[in-house]
Amino acid sequence: MLDLQCANNSSLCGGAASPPSGFDLRKEAEAAGITETLRELEHELIGLKPVKSRVRQIASLLLIERIRQRAGLVSSPPTLHMSFTGNPGTGKTTVALRMAKILHGLGFVRRGQVISVTRDDLVGQYIGHTAPKTKEILKKAMGGVLFIDEAYYLHRPDNERDYGQEAIEILLQVMENQREDLVVILAGYGERMTNFFASNPGFRSRIAHHIEFPDYSEAELLLISELMLKERGYSFSAAAREAFVNYIALRMTQPFFSNARSIRNAVDRIRLRQADRLVSDLDRMLEIKDLETIDSSDVLASRVFSASPPGEGREPSERTS
Amino acid sequence: MRLTQGCFSFLPDLTDDQIYKQVQYCLANGWAVNIEFTDDPHPRNTYWEMWGLPMFDLSDAAGVMMELAECRRVYGDRYIRISGFDSSHGWESVRISFLVNRPAQEPYFALERQEVAGRVVRYATRLCPSREATP
Amino acid sequence: MNAHAGTLRGKERYRSGVMEYKRMGYWEPDYVPKDTDVIAMFRVTPQDGVDPIEASAAVAGESSTATWTVVWTDRLTAAEKYRAKCYRVDEVPGAPGQYFAYIAYDLDLFEPGSISNLSASIIGNVFGFKPLKARRLEDMRFPVAYVKTFQGPATGIVVERERLDKFGRPLLGATIKPKLGLSGRNYGRVVYEALKGGLDFTKDDENINSQPFMHWRDRFLYCMEAVNRAQAASGEIKGTYLNVTAATMEDMYERAEFARELGSVVVMIDLVIGYTAIQSMAKWARRNDMILHLHRAGHSTYTRQKSHGVSFRIIAKWMRLAGVDHIHAGTVVGKLEGDPNTTRGYYDICREDFNPMKLEHGIFFDQSWASLNKLMPVASGGIHAGQMHQLLDLLGEDVVLQFGGGTIGHPMGIAAGATANRVALEAMILARNEGRDYLHEGPEILAKAAANCTPLKAALEVWKDVSFNYQSTDTPDFVPTALAAV
Ligand SMILES: Nc1ncnc2c1ncn2[C@@H]1O[C@H](COP(=O)(O)OP(=O)(O)OP(=O)(O)O)[C@@H](O)[C@H]1O
Ligand SMILES: [Mg+2]
């Protein structure tokens, strides 16, 4: 129905009547912006080897698909719905945003916005409430990516008359019939997603790409912390770095550990403590270096190091992105 | 009678692709998009029935097209129009409005005249069912 | 050049006799205009040998408190407040012997809400003043407090569109031709054909009032039969500007009331009826839910020459204050005077809520309109369907495009002429909204639309070579960087 080919990437579809005889692959990839996006993915995200290679594969497939279309070869609009499974804080939301950029660059979604929702955004409280709610969200997501976090909450096997089922049906229909209008990414934690798919075969069959997000190693978490500090204009002193290595080891064993998000929260608190330390001595002259450096004391003051384990490690279930 | 209300009534009826592009134009301008339908296209009938609430904050016209398809499924035998509403100061009204559906057999308007004092005539425009026999 | 002349103060100032204006307090180069001042900018051409500062001060004096000699009765007033102050004089770029004089007037010099009073002050006496060869009122700035004393357009663009149920495209009109001689019955035929064919409006010409060949009641009756018939035939609201211009206010009210009684959505007046009559009709229109169309008949006698008279941008500003809903503001591409940049300035004055200073458009001051309704500009005179892309690009979408000859002169008849214009317009709007480069692809877009529309094909063929490329006489004089903000 829609003139998808030319919707947003004129460089990829110059409107030529007869297909060109050859394609400069590098140029094509650059024009679509995917070279740049993949480079960012590589550099700005630590680890995630399997994820990165799956994303790269998908990008390649879409690039070739695009070129095949222009060459007039047999091509079918690919199914692009995906599922991202992995523990909290493993980068699912972050990668979804990059994925939207890639899809947009290649013209597989027209606008590239990401609408991130959970059950409460889709499912209503009373009869007749769910369909309009779900449709409202779908309409906003058209042309972009609908990211459904903790998708398994949509389905409540214990409750037969759960309104979630209605939302699921509408979603399935749109995922099937309007594949060129939006891409749905379901996200959630490993085990529960597996169960969800088992009891909702409709979803399983509509999803083309299942991507698993592994937990980060200690070394990767350290790299992540250093990257986050760098982005915020800080760095560890040698002693602080050593302290943080210990911090990671301890924190991983404590409850509510959520991979990179725990690191982000730790970094934020470390900044607080550093500021507090600096301000406690009003009479000294500060140098740039003082402002930039994290001391071991800033790390060691964490309650993670104190006897009672679940202390500051408790991360409120603020699970937004 | 071919009703010529709306922005594009003198052109052949818009295809869905054309409608999509006009809606996208509205969204790009930040206007809310509204779908309305009626079986009373009298020129002074301002308030057509609303098909749901106006759609705010959409990125892509596909969302509107989805609603339009639904509206046509239910009210395919009526007039349906799409309008773009601009809430910015100094306008705060409709910016564009165009028909996206007509009944298969369009009604027509009879002009009724009442002769009053002098040569003055009072006019009333009355909606009449289509002149073509309904199948 | 903006040096002090040395205003005399105290006893010196009021010594009997004749004194230079610039020493009487009408030249104050240090004066900073207040936000509440009315500011006027004149182009002055002093007689040979007359000091431009003195000439400008004289304009300030003669347009406010001064007379040719010192009067002691000044001392019974707060004279310094009431004296208009010329505060700046610039040479006009590229026009030797001409100067731009900026003059500030205290708000108390003007009666609230009266264009007649305003114009009597600003252009009342001063234009015949001998020491100047010529002068022209170029632009004015009105303080918000003053703007708020006016009603503004009776209906305004937004409500006009709501009443007509027409959005997203220029409105289409045509002036009935021949402008003189048709009987009421024949005249109504032209109205019917044009409206049925697809126009939104038809229009009386400026000098159609009540003549031996067609008395006004006849015209109104036949025209409203035509309007109602066309409305029923299309299901769209239609209108015809019934010109109610007449010899007296009583006559105009009578005609306007008859138009209302017949169900017309719009009436029309000519600029020549005068500012007081215009304001009266604007108030009448607001009371009676009527759109008020103004024909700028006569304006060229004083707006066209650059050195002497009143710029049309002044008339546009005054008319927005006075409260008309439509004003003819030029076409750029048609048969009547109109430099593109200057015309853009007029359109902005009509349609924007705030006009920033823009010398290249002839706008010398920031002007806030304080939410006064917008005034719909009308483009009329020598335009046709083949120019649709240019018209849309130059004039935008909130405008009435009047194709008089371009409708009635169509080889297949009036209704066909109207259809050609409407199809051309809709095709162009559709293309514009789709994001096409309609200005350059215009001819192609029209040709494609014409494939489904024989009347448009014929129109494009007949008028394909018609354009009016003459030098404009009224263009802005400015040096892009030399002038600073006021
Ligand atoms: N590989 C990585 N490199 C750098 N930063 C990362 C990486 N993975 C995640 N982050 C950062 O960690 C935080 C949490 O990531 P994100 O929200 O994407 O995780 P998630 O898998 O969606 O978690 P949840 O399932 O709990 O919502 C973000 O601030 C993100 O920038
Ligand atoms: Mg997340």
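Preceding this paragraph is the structure being described.
Now for a quick tour of the structure. (Residues numbered from 1 in each chain as written. Chains lettered and ligands numbered in written order. Predicted model: local features only at pLDDT ≥ 70, side-chain atom pairs only at ≥ 80, totals over all residues. Heavy atoms only, no water.)

### Description of the arrangement of the chains
Let me state the cut-off plainly: Note on contacts: a residue pair qualifies if any of its non-hydrogen atoms lie within 4.5 Å across the two residues.
There are two pairs of chains in contact here, and the one with the most contacts is chains B and C. You won't find any contact between chain A and chain C; their C-alpha atoms come no closer than 11 Å.

### What to know about the sheet that holds strand S1 (residues 38-46) of chain C
Residue and element names in this part refer to chain C. Rules: Strands are labelled as partners when DSSP assigns at least two bridges between them. Numbering goes from the N terminus for both helices and strands, where a helix is a DSSP run of H or I of at least four residues and a strand is a run of E of at least two.
Taken in spatial order, the five strands line up as S2-S3-S1-S4-S10 in an open sheet, and their pairing is mixed. Looking along the sheet, the strands with just one partner apiece sit at the ends: strand S2 (85-91) and strand S10 (309-310). The pairing of S2 with strand S3 (residues 99-105) spans six bridges and is classified as antiparallel. Residue pairing across strands places Asp 90 opposite Phe 100, the latter belonging to S3.

### Focus on the environment of Gly 105 of chain A
Along the chain, the position of Gly 105 of chain A falls in helix H4 (residues 92-105). A C-alpha to C-alpha distance of 5.6 Å links Gly 105 of chain A and Gly 33 of chain A, two positions 72 residues apart in sequence.

### So, the packing of aromatic side chains
Both the distance between ring centres and the angle between the ring planes are used here to describe each pair of aromatic rings. Residues and elements named next belong to chain C. Put simply, the test is: Here a Phe, Tyr or Trp ring, Trp counted by its six-membered ring, pairs with any other such ring whose centre lies within 6.5 Å, and the pair is stacked when the planes are under 30 degrees apart, edge-to-face when over 60, and tilted otherwise. Burial status follows relative accessibility: with a 1.4 Å probe on protein chains alone, a residue under 20% of its type maximum counts as buried, one over 50% as exposed, and anything between as partly exposed. Two thresholds decide whether a charge sits over a ring: the Lys NZ or Arg CZ must be within 6 Å of the ring centre and within 35 degrees of the ring normal.
Tallying each qualifying case throughout the model produces 27 aromatic pairs over all chains. Arranged with centres 6.0 Å apart and planes meeting at 50°, the rings of Phe 110 and Tyr 146 form a pair that is tilted. Of this pair, Phe 110 sits in the loop between S3 and helix H4 (115-122) while Tyr 146 is found in helix H5 (residues 144-147), placing the two residues 36 residues apart along the sequence. Take Phe 110: its relative accessible area is 7%, and that puts it in the buried class. In this structure Tyr 146 comes out as buried when scored by relative accessible area, which is 2%. One aromatic cluster is present, formed by Tyr 105, Phe 110, Phe 142, Tyr 146 and Phe 150 through successive ring pairs. Residue placement shows Arg 83 over the ring face of Tyr 26; its charged tip is 5.9 Å from the ring centre.

### What about the interface of chain B and chain A?
Using the following cut-off: Once two parts are joined, some of their accessible surface, as seen by a 1.4 Å probe, is lost; buried area is that loss totalled over both. Salt bridges are counted wherever a side-chain nitrogen of Lys or Arg sits within 4 Å of a carboxyl oxygen of Asp or Glu. Two N or O atoms count as a polar contact when they lie within 3.5 Å, although within protein this holds only if one can serve as hydrogen donor and the other as acceptor, and sequence-adjacent residues are included solely when both atoms are side-chain atoms.
Across the contact, 15 residues belong to chain B and 15 residues belong to chain A. Buried surface at the junction of chain B and chain A, summed over both partners, amounts to about 1300 Å²; 60% is from carbon and sulfur atoms. Applying the counting rule to chain B against chain A returns three salt bridges. We note a salt bridge from Lys 139 of chain A to Glu 67 of chain B, for which the minimum N-O separation is 2.9 Å. Inspection of the chain B/chain A interface yields eight residue pairs in polar contact (both at pLDDT 80 or more). Of all the elements in the fold, those that place two or more residues in the side of chain B that touches chain A are helix H1 (16-28) and helix H2 (62-75) of chain B. The element that contributes the greatest number of residues to the side of chain B that touches chain A is H2 of chain B, accounting for five residues.

### Examining the interface of chain C and chain B
Put simply, the rule is: The nonpolar class holds Ala, Val, Leu, Ile, Met, Phe, Trp, Tyr, Cys and Pro. Asp, Glu, Lys and Arg form the charged class, and all remaining residues, Gly among them, are polar.
Every contact between the two is made by 42 residues of chain C and, on the other side, 38 residues of chain B. Here chain C packs against chain B, burying approximately 3300 Å² in sum over the two surfaces, 57% of which is carbon and sulfur. If you look at where chain C meets chain B, you find one salt bridge. One salt bridge in this structure joins Glu 225 of chain C and Arg 113 of chain B, with 2.6 Å as the shortest N-O distance. In this assembly, chain C and chain B are joined by 15 residue pairs in polar contact (both at pLDDT 80 or more). For the side of chain C that touches chain B, the secondary-structure elements that each account for two or more residues are helix H6 (156-164), helix H8 (216-234), helix H9 (249-261) and helix H16 (414-433) of chain C. Per element, the largest residue contribution to the side of chain C that touches chain B is 10 residues, and it comes from H8 of chain C. The residue makeup of the side of chain C that touches chain B, split by class, is 14 nonpolar, 11 polar and 17 charged.

### A look at H8 of chain C
What counts is decided by this rule: In this analysis, the expected span of each helix is defined as 1.5 Å times one less than the number of residues it contains.
Taking 1.5 Å per residue as the helical rise, H8 of chain C with its 19 residues ought to reach 27 Å, and the 27 Å between its terminal C-alpha atoms agrees with that figure. Directly beyond the C-terminal end of H8 of chain C, a positive phi value near 75° is found at Gly 235 of chain C.

### Points about the packing of H1 of chain B against H16 of chain C
Filter applied, for reference: Only the contacting stretch of a helix is used when fitting its axis, a line to C-alpha atoms as for every element, and angles between N-to-C directions run 0 to 180 degrees. What sets the label is the angle itself: under 35 degrees gives roughly parallel, over 145 gives roughly antiparallel, 65 to 115 gives roughly perpendicular, and the rest give oblique.
In contact at an axis separation of 9 Å, H1 of chain B and H16 of chain C are set at 65° when each is read in the N-to-C sense. The orientation of H1 of chain B with respect to H16 of chain C, classified from their angle, is roughly perpendicular. Where H1 of chain B approaches H16 of chain C, its residues Gln 18, Lys 21, Gln 22 and Tyr 25 of chain B are matched on the opposing element by Leu 430, Arg 432 and Asn 433 of chain C.

### Describing the nonpolar core
Definition in use: Throughout this description, the term nonpolar core refers to a set of buried Ala, Val, Leu, Ile, Met, Phe, Trp, Tyr and Cys residues connected via side-chain atoms within 4.5 Å.
One finds Trp 318 and Met 319 of chain C to be the most contacted residues of the largest nonpolar core, which totals 167 residues. Take this core: its biggest share by element is 11 residues, from H16 of chain C. Not counting residues up to four positions away in its chain, the partners in contact with Trp 318 of chain C are Ile 115, Leu 118, Ser 119, Ile 123, Leu 137, Met 140, Phe 142 and Tyr 275 of chain C. Grouped together as the second largest cluster of nonpolar side chains are 55 residues, Ile 67, Ile 102, Leu 221 and Phe 236 of chain A included.

### A word on the pattern of salt bridges
Residue and element names in this part refer to chain C. In this structure the tally under the stated criterion is 63 salt bridges over all chains. Close ionic contact of Glu 138 with Arg 136 constitutes a salt bridge, the shortest N to O distance being 3.3 Å. Residue classification places Glu 138 among the buried positions, given a relative accessible area of 3%. Given the relative accessible area of 1%, Arg 136 is considered buried. What you see here is one network of salt bridges that share partners, running through Lys 166, Arg 169, Asp 200, Glu 236, Lys 238, Arg 422 and Glu 426.

### Notes on empty space enclosed by the protein
Operational definition: Residues are called lining when one of their atoms sits within 4 Å of a cavity or pocket point, these points coming from a 1 Å grid over the protein atoms alone, where a cavity is a set in which a 1.4 Å probe fits but cannot get out and a pocket is an open set with protein on both sides within 12 Å along at least five of seven lines. Grid points are joined across faces, edges and corners, and a volume is the space filled by probe spheres set on the points.
Within this structure, the stated rule accounts for five cavities of 30 Å³ or more. By volume, the largest cavity is sized at about 60 Å³. Taken together, 11 residues make up the lining of the largest cavity; nearest its centre are Arg 43, Glu 138, Thr 475, Pro 476 and Asp 477 of chain C. Grouping the amino acids of the lining of the largest cavity by side-chain chemistry returns three nonpolar, two polar and six charged. In this structure, the second largest cavity encloses a volume near 50 Å³. With three residues, strand S4 (residues 93-101) of chain B is the single largest residue contributor to the lining of the second largest cavity. Counted by class, the lining of the second largest cavity contains three nonpolar, three polar and two charged residues.

### With respect to the sheet that holds strand S1 (residues 32-38) of chain B
Residue and element names in this part refer to chain B. Read across the open sheet, the four strands follow the order S2-S1-S3-S4; overall the sheet is antiparallel. Of all strands in the sheet, those bounded by a partner on one side alone are strand S2 (49-50) and S4. Sheet topology places strand S3 (residues 79-86) next to S4; seven bridges connect them, and they run antiparallel. Paired with Ile 80 across the bridge in S4 is Asn 101.

Keep in mind these numbers describe shape, not what the thing actually does.
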